[in-house]
Amino acid sequence: MRISFERSGGFANISSTVDIDTSTLPASKAKQVQKLLEKARFFDQPTKAQRSLQARDEHQYQIKVTDGAQTHTIETSDTALSSDLANLIEWLEKEAAAKRKR
Amino acid sequence: MCTHHVHPFGCFIVPPEILENIANQGTTRQRELAYQALNASAQLRGQREALTRFAAFAPVATGTKRRTIYDAQNGLALPGKLVRGEKEKKSKDVTVNEAYDGSGKTYDFYLKVFNRNSIDGQGMRLDSTVHYRRNFNNAFWNGQQMVYGDGDGDIFNRFTKSLDVIGHELTHGVTQFTAGLVYQDQPGALNEHMSDVFGSLVKQRAKRHTAKQADWLIGEGLFTNKINGVALRSMKAPGTAYNDPLIGKDPQPEHMSKYVKTTQDNGGVHINSGIPNKAFYNLATSLGGNAWTQAGHIWYVTLTEKVKSETQFQEFAQMTHQVAGNLYGNNSTEQQAVKAAWAEVGIKV
């Protein structure tokens, strides 16, 4: 599974990006993100979340997942997140941060 | 089909009349809960303005702050748990008090300097939620309230730490109720610019700084000391606020020739705001004294009387020039300073 994550905007406008190939992750981590994707019902999420016209300084998120033949991309933002999607995003942001440190 | 109490604003289980009575006459906490119940229904129908019908939310006497601080307890449900209401005592939680005090200073600024009664000019309540999500490196305005994260403690501290952040967020509300600048491309960058300008002025007034004494930094103190940076943005020197391997370099331009065309960040609204930010800094330091007196005044009149939802940089610059002429006379020092301030960033009025 390939996951591509990008966060932009926000008060600080400091972006966060990471590209992950789960086959290169330790098995436990690969399982973690798989679970998070399932809990967030990622493949059922709309490609463009309901946009809040009046929100200001919220983050924009873009997540693309390719799993075998299936590919799905979603665009969402802080005010549109479910807590399950937020958990997925937090995991991806941690990975992005870890990659930067290396 | 709604079988409960039908009302112009929708269906309620508790009749809205009872909620209104509580909202008008109860204790602060009871009123708060009644308001929340009415608000929850109104929000579902996008009818925030409907609540002004109720006496508790009718325009209040000018000078009355109505601050409410909520704690999201690291979740994402808004507004969260009520933790401090107007005139209630200080919390043990520093971020609660910062949100409370910062909202108050912003309110006082708009009232004392521009005779504006809160965000909407009609005494609108000032709601803030703190401890939003975990390690959340952001603060935002959601159209109705402010929301603050705690930061991850690695790159960022808590977002209530900087008074200009609070002023910035509340000013998004002011812009929403006045010019209505859309959050995209040049109008969006102007929207961001207004929030930086008035966020900075709130801080400058609180510190009693003249334009020359002010640091003109936005979000100073938000970075931890691991980060090589003085602030998130510099109005005085866009592009120089930070430069660190972990987060990159401050991308702001200081001249129109360096305008950034991008699809990220709604067309770079936090990036291209550097250009008008620099122009305002030029104007304020050129005129001297306190930046809110003349430069801030020109900008406030322009924002609230001239700017439209799709105003571009060029037109905005012309509006400020015209307003300066109206306020101080054509060819006045002030008007000429506006022209020079824009010329320096590559915009000719």
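Quantities reported herein were computed from a predicted structural model and do not represent experimental measurements. Every chain begins its residue count from 1, and numbering advances along the sequence as written. Written order decides the labels, with chains lettered from A and ligands numbered from 1. Reporting in this predicted model follows two pLDDT cut-offs: at least 70 for local features of residues, and 80 or more for side-chain atom pairs to be given and counted; totals over whole chains, interfaces and linings ignore these cut-offs and use all residues.

Residues and elements named next belong to chain B. Axes here mean lines fitted to C-alpha atoms, for a helix over just the part in contact, with angles spanning 0 to 180 degrees between N-to-C directions. Only runs of H or I of at least four residues qualify as helices and only runs of E of at least two qualify as strands under DSSP, and these elements are numbered from the N terminus. Between helix H9 (residues 313–328) and helix H10 (residues 333–344), the least distance of the axes is 8 Å, while the angle of their chain directions is 165°. Taken together, H9 and H10 sit at an angle that is classed as roughly antiparallel. Of the two elements, H9 crosses H10, and the hand of that crossing is right-handed. Contacts between H9 and H10 involve Ala317, Thr320, His321, Ala324, Gly325 and Tyr328 from the former and Glu334, Gln335, Val338, Lys339 and Trp342 from the latter. Here the term charged refers only to Asp, Glu, Lys and Arg, the term nonpolar to Ala, Val, Leu, Ile, Met, Phe, Trp, Tyr, Cys and Pro, and the term polar to all other amino acids, Gly among them. For the contact of H9 with H10, the class distribution of residues is five nonpolar, four polar and two charged. Small angles under 35 degrees read as roughly parallel and large ones over 145 as roughly antiparallel, with 65 to 115 read as roughly perpendicular and the rest as oblique. In this scheme the handedness of a crossing depends on how the near helix is turned from the far one: anticlockwise by less than a right angle means left-handed, clockwise means right-handed. Contact between residues is assigned whenever the C-beta positions, reconstructed from backbone atoms, fall within 7 Å.

A separate point is the sheet that holds strand S5 (residues 126–130) of chain B. Residue and element names in this part refer to chain B. Note on pairing: two strands pair once DSSP finds at least 2 bridges between them. The strand order S4-S3-S5-S7-S6 describes an open sheet built from five strands, whose pairing is mixed. Every interior strand has two partners, whereas the edge strands, strand S4 (81–85) and strand S6 (139–141), have only one. Across the sheet, the mean angle separating the axes of adjacent strands is 20° when strand polarity is ignored. Bridge count between strand S3 (residues 67–71) and S5: five bridges; the pairing is parallel. Considered in S5, the bridge of Arg67 is made with Leu126. Across the sheet, helix H3 (residues 94–114) lies against S3, S4, S5 and strand S7 (146–148), angled at about 155° from S5, the strand it touches most. Lying on the sheet, helix H4 (residues 163–177) is in contact with S5, S6 and S7; it crosses S6 at an angle near 20°.

With that settled, consider the pairing of strand S4 (residues 70–77) of chain A. Two faces belong to every sheet, and in a regular strand the side chains alternate between them. All names here are of chain A. Here eight bridges tie strand S3 (residues 59–67) to S4, and the two strands are oriented antiparallel to one another. Along S4, the bridge assignment pairs Asp67 with Gln70. Joining the antiparallel neighbours S3 and S4 is a turn of two residues, in which Gly68 adopts a positive phi near 65°.

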